[in-house]
Amino acid sequence: MILVFSRTTGFRHDSIPAGIETVRSFGYPVDATEDPDWFTPERLAQYQAVVFMNTNGTVLDDAGRAAFEGYVRGGGGFMGVHSATATEYDWPFYASHVGALFDKHPEVQPATVTVVDHDHPATAHLPATWARVDEWYDFRSRPEARVLLRLDETTYSGGGMGADHPLAWCHEHGGGRAFYTALGHTIEGYEEPAFREHLLGGLRWAAGLA
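The rules behind each value
- Residues numbered from 1 in each chain as written.
- Predicted model: local features only at pLDDT ≥ 70, side-chain atom pairs only at ≥ 80, totals over all residues.
- Heavy atoms only, no water.
- Patch = residues over 30% accessible without salt bridge, like charges linked within 9 Å, V, L, I, M, F, W, Y side chains within 5 Å.
- Areas by Shrake-Rupley, 256 points an atom, 1.4 Å probe, with all protein chains shown as cover.
- Salt bridge = Lys/Arg side-chain N within 4 Å of Asp/Glu carboxyl O.
- Lys, Arg positive; Asp, Glu negative; His and termini not counted.
- Charge placed at Lys NZ, Arg CZ, Asp CG, Glu CD.
- Helix = DSSP H or I, 4+ residues; strand = E, 2+ residues; numbered from the N terminus.
- Pairing = 2+ DSSP bridges.
- Axes fitted to C-alpha atoms, helices over the stretch in contact; angles between N-to-C directions.

A. Representation of a negative patch on the surface within the structure. Together, D35, D37, D61 and D62 give the surface a local cluster of negative charge. If you trace the backbone, D62 turns up in helix α3 (residues 62–73).

Set out below in structure tokens:
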């Protein structure tokens, strides 16, 4: 069973409903909520993975944070999509778990993504280079994680991280698994079969199903 959490207290992406429906289409039982009170130890225990779907800002109170940390330390899975890295800036455990925090981005535009690790269910189906349109994030730091995708800054305008620009990654952290992809800004992106399979692979890995 999967929990999709999409609360925002800052910028709100209009692609959130498309993202939720994409996760529902994967065939697993899904609960979707924006209620922070959903985060209790008892409720979280029923989920194989929790998805932060374009969350933004401070989305949990102290009790919810404690419940989520306990869930992770108990082996729970996590997938963060796009602005999940623009979430909970003042919560060190979350920053470490998601891997990095959002810094800035230029306007939405085409760019080329480089697959640096094909040995993962989120990337095994992808070509060596993947051209698509999205909102390309710079991060405040580079994740201490297994990087799966990098962004080729020579293919768009406004990048600020250089040749080593991570875009998707995964790691085992705190007892659980965390997968993050910076893709997922546009509504149209969720109609792309390659992106949908990218999300499915990341979710299955995070949940321990692949």
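B. Fine view of the sheet that holds strand β1 (residues 2–5). Strand order in the open sheet formed by nine strands is β2-β1-β3-β4-β11-β10-β9-β6-β7, and the pairing between neighbours is mixed. Taken across any chain shown, the strands that pair with only one partner, and hence form the sheet edges, are β2 (30–33) and β7 (129–134). Strand after strand, the sheet turns through a mean of 20° between neighbouring axes, direction not considered. Here strand β4 (residues 77–81) runs beside strand β11 (residues 176–181); their pairing, made up of five bridges, is parallel. When the bridges of β11 are listed, G80 appears paired with Y180.

C. Region of the structure containing the pattern of salt bridges. Taken as a whole and assessed by the stated rule, the structure comprises twelve salt bridges. Between D134 and R132 there is a salt bridge; the shortest N-O distance is 2.5 Å. R132 serves as the salt-bridge partner of E192, at 3.2 Å between the closest nitrogen and oxygen. Within this pair, whereas E192 is found in the loop between β11 and α5 (193–206), its partner R132 is found in strand β7, the two being separated by 60 residues in sequence.

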